[in-house]
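# Examining the three-dimensional arrangement
Here is what each chain is made of, one letter per residue.
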Amino acid sequence: MLKLTNVHKSFGKSEILKGISLNVEKGSVVAVLGPSGAGKTTLLRCMNLLEKADSGEMDFDDIHVDLKKIPKKTIYEIRKKTAFVFQNYNLFNNKTALENIMEGLVIARKVPKNQAREIALKALEKVGLKDKAAFYPSSLSGGQQQRVGIARALAVNPDVILFDEPTSALDPELIDEVLGGIRQLAEEGTTMVIVTHEMAFARDIADYVVFMEDGQIIEEKSAAEFFTNPENERSRQFLKRFFLT
């Protein structure tokens, strides 16, 4: 469904991605793990074309692109197939939860307002927040704001949802409500790529794990194998921080 081949990305003299290749199968949940600074978020942003890679290729269904030179029309086509859930919510503070979801539908996708409202309400209902439709972000908890972000992603009916540390900005007691919503999506067969430090969650939800360090994938395998029998010594060290046995 989605394939990256030999993706490189630098910022100035710092090489962040050093030849990343990755396959995401339809209906799968891929967890991208690794220490801070490994390049995980940059990888995710390159997949959604929020960052332009310096080189590499992408295949997305029947679309094939050279990531260094992508026509604007193709960028739009790929972004229509994806949705991005940011770690800091990225909601408009001057718009209600409902309006935040409608915005992308009406402005970017030219959906009529009445139809966009209907879609947005259904998305809010799916994340358990239909009763908060008229609330502004300042009146919502962090967990609720992130669930609005997930509803915004669902509303555009993407082929794949990309999650960038969806719980990193939350107080510990709010994490479970967000993870519960993501778990429900996984059970429904939604294709997802999730950058996370929630190891127990990744172990429970992911089909496949990619472990990154220093801009490279140093281990990738099924989640069951990775969490029970990681081959790379660095992977084993990393997991020991979270699982003592």
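Looking now at the overall build of the chain. When helices and strands are tallied, the chain shows nine helices and 10 strands. Here the C-alpha radius of gyration of the chain, 18 Å, is about what a compact globule of 245 residues would show, namely 18 Å. Surface accessibility of the chain: about 12,000 Å² in total, with carbon and sulfur atoms responsible for 46%. Charge separation in the chain, taken as the distance between the mean sites of 33 positive and 34 negative side-chain charges, equals 6 Å.

For Asp-61, which is not glycine, the phi torsion reads 55° and is therefore positive. Topologically, Asp-61 is positioned in the loop between β4 (55-60) and β5 (63-66). Positioned with a positive phi, Asp-214 is a non-glycine residue whose angle comes to about 50°.

Bringing the pairing of strand β3 (residues 29-33) into the picture now. Counting buried residues in β3 gives five out of five residues, a clear majority hidden from the surface. In this sheet, strand β9 (residues 208-213) lies alongside β3 in parallel orientation, the contact comprising four bridges. Looking across to β9, one finds that Val-32 is bridged to Val-210.

Side chains on a regular strand alternate between the two faces of the sheet. Pairing analysis gives six bridges linking β9 to strand β10 (residues 216-222), with the strands arranged antiparallel. Residue pairing for β10: Val-209 is matched across the bridge by Lys-221. Where β9 folds back onto β10 in an antiparallel hairpin, the turn is made up of two residues, including Asp-214, whose phi is positive at roughly 50°.

With respect to topology, six strands assemble into an open sheet ordered β6-β7-β8-β3-β9-β10, the strand pairing being mixed. Unpaired on one side and paired on the other, β6 (82-85) and β10 mark the two borders of the sheet. Along the sheet, successive strands turn relative to each other by an average axial angle of 15°, direction set aside. Sheet analysis places β3 next to strand β8 (residues 192-195), joined by four bridges and oriented parallel. Bridge pairing in β8 places Val-30 opposite Val-193. The strands touched by helix α5 (residues 142-155) are β6 and β7 (160-164); relative to β6, the strand with the most contacts, the crossing angle is about 175°.

As enumerated under the stated definition, the model contains 12 salt bridges in all. The closest approach of N and O atoms between Asp-214 and Lys-18, which form a salt bridge, is 3.0 Å. Placement of Asp-214 in the loop between β9 and β10 and of Lys-18 in strand β2 (residues 14-24) is noted, with a sequence separation of 196 residues between them. Relative accessible area serves as the criterion here: at 25%, Lys-18 is assigned to the partly exposed category. Arg-45 serves as the salt-bridge partner of Glu-51, at 3.5 Å between the closest nitrogen and oxygen. We classify Arg-45 as partly exposed; its relative accessible area is 25%. If you follow the salt bridges from partner to partner, you end up with Asp-61, Lys-81 and Asp-159 in one network.

Before going further, it helps to examine the packing of aromatic side chains. The tally for this structure, following the rule as stated, stands at four aromatic pairs. Taken together, a centroid distance of 4.6 Å and an interplanar angle of 40° make the contact between Phe-84 and Phe-86 tilted. Taken together through their ring pairs, the aromatic side chains of Phe-211, Phe-226, Phe-227 and Phe-238 make up a single cluster. The ring of Phe-135 has Lys-132 sitting right over it, with the charged end atom 4.6 Å from the ring centre.

On to the side chain of Ser-28. Positionally, Ser-28 belongs in the loop between β2 and β3. In contact with Ser-28, other than residues within four places in its own chain, are Thr-190, Thr-191, Met-192 and Asp-207.

Parameters at a glance
- Residues numbered from 1 in each chain as written.
- Predicted model: local features only at pLDDT ≥ 70, side-chain atom pairs only at ≥ 80, totals over all residues.
- Heavy atoms only, no water.
- Helix = DSSP H or I, 4+ residues; strand = E, 2+ residues; numbered from the N terminus.
- Rg over C-alpha atoms; globule rule 2.2 N^0.38 Å.
- Areas by Shrake-Rupley, 256 points an atom, 1.4 Å probe, with all protein chains shown as cover.
- Lys, Arg positive; Asp, Glu negative; His and termini not counted.
- Charge placed at Lys NZ, Arg CZ, Asp CG, Glu CD.
- Buried < 20%, exposed > 50% of the residue type's maximum accessible area, 1.4 Å probe, protein only.
- Pairing = 2+ DSSP bridges.
- Axes fitted to C-alpha atoms, helices over the stretch in contact; angles between N-to-C directions.
- Contact = heavy atoms within 4.5 Å.
- Salt bridge = Lys/Arg side-chain N within 4 Å of Asp/Glu carboxyl O.
- Phe/Tyr/Trp six-rings, centres within 6.5 Å; stacked < 30°, edge-to-face > 60°.
- Lys NZ or Arg CZ within 6 Å of the ring centre and 35° of its normal.

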